[in-house]
Amino acid sequence: MDATNNKKANREAARMQDNLDELGRLIARATREDGSVEPVTGLRLRRESAPTELGHGTSYPAMCVIAQGSKETRLGDNVYRYDPSHCLVTTTALPIASRVCEASREAPYLGVVI
């Protein structure tokens, strides 16, 4: 029974990785240079080829998914780090600080905000 469960878990993990790889390809194709684009209202794509400095701003209701790299958001003394295995959902406007933590020219940060 364990072998069957292990095979199923491996298939699910491979499918998840395939989906993230496809999302990354789509974001990379839409963002050829560093920065953000909003191809349609409410959908923002971002690419960064190096870690960024901590920037201050205000959150808004959103779901943030990362296809490649990692990012952290700070809310007061709390630090939330997210990556392809973890997403961030915000439900209200709050003062935050955030930065891209993991990114390089070979493997840029690729994220989407809805």
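The rules behind each value
- Residues numbered from 1 in each chain as written.
- Predicted model: local features only at pLDDT ≥ 70, side-chain atom pairs only at ≥ 80, totals over all residues.
- Heavy atoms only, no water.
- Helix = DSSP H or I, 4+ residues; strand = E, 2+ residues; numbered from the N terminus.
- Buried < 20%, exposed > 50% of the residue type's maximum accessible area, 1.4 Å probe, protein only.
- Contact = heavy atoms within 4.5 Å.
- 1 Å grid on protein atoms, 1.4 Å probe; cavity = no way out; pocket = protein on both sides within 12 Å on 5 of 7 lines; lining within 4 Å.
- Points joined across faces, edges and corners; volume = space filled by probe spheres on them.
- Nonpolar A, V, L, I, M, F, W, Y, C, P; charged D, E, K, R; others polar.
- Pairing = 2+ DSSP bridges.
- Axes fitted to C-alpha atoms, helices over the stretch in contact; angles between N-to-C directions.
- Disulfide = S-S within 2.5 Å.

**Here we look at the overall build of the chain**
Step number 1: Looking only at helices and strands, one finds one helix and nine strands in the chain.
Step number 2: N-terminal to C-terminal, the α/β element order of the chain is α-β-β-β-β-β-β-β-β-β.
Step number 3: Based on the C-alpha atoms only, the size of the chain along its principal axes is roughly 50 × 35 × 25 Å.
Step number 4: Burial status across the chain gives 28% buried among its 114 residues.
Step number 5: Long-range pairs, those at least 24 residues apart, make up 64% of the contacts in the chain with a sequence separation of at least 6.

**Some thoughts on the layout of surface pockets**
Step number 1: There is about 560 Å³ of room inside the largest pocket.
Step number 2: The wall of the largest pocket is formed by 30 residues, among which Ser59, Thr73, Tyr82, Leu88 and Ile96 lie closest to the centre.
Step number 3: Across the lining of the largest pocket, the residue classes tally to 15 nonpolar, 12 polar and three charged.

**Some words on the pairing of strand 5 (residues 70–75)**
Step number 1: Pairing between strand 5 and strand 8 (residues 95–102): five bridges, direction antiparallel. What sits directly across from Thr73, in strand 8, is Ser98.
Step number 2: Linking strand 5 back to strand 6 (residues 78–82) in an antiparallel pair, the connection comprises two residues, with Gly76 at a positive phi of about 60°.

**So, the sheet that holds strand 3 (residues 55–58)**
Step number 1: Read across the sheet, four strands follow the order 3-8-5-6 without closing on themselves; strand pairing throughout is antiparallel. Pairing within the sheet leaves two strands with one partner each, and these edge strands are strand 3 and strand 6. In this sheet, adjacent strand axes meet at a mean angle of 30° when their direction is disregarded.
Step number 2: Of the pairings in the sheet, the one linking strand 3 to strand 8 comprises four bridges and is antiparallel in character. Among the inter-strand pairings, Gly55 is bridged to a residue of strand 8, identified as Ser98.

**Considering the state of the cysteines**
Step number 1: If you walk through the whole model with that rule in mind, you get zero disulfides.
Step number 2: Take Cys64: it sits in no disulfide, and the sulfur closest to it among the cysteines is that of Cys87, at 8.3 Å.

**Here's the deal with the environment of Thr31**
Step number 1: Inspection of the secondary structure puts Thr31 in the loop between helix 1 (2–30) and strand 1 (35–40).
Step number 2: Overall, the relative accessible area of 2% leaves Thr31 in the buried class.
Step number 3: As for Thr31 and Ala13, which are separated by 18 residues in sequence, their C-alpha atoms are 27 Å apart.
Step number 4: In this structure Thr31 touches Val37, Leu45, Arg46, Arg47 and Leu110, once residues within four positions along its chain are discounted.

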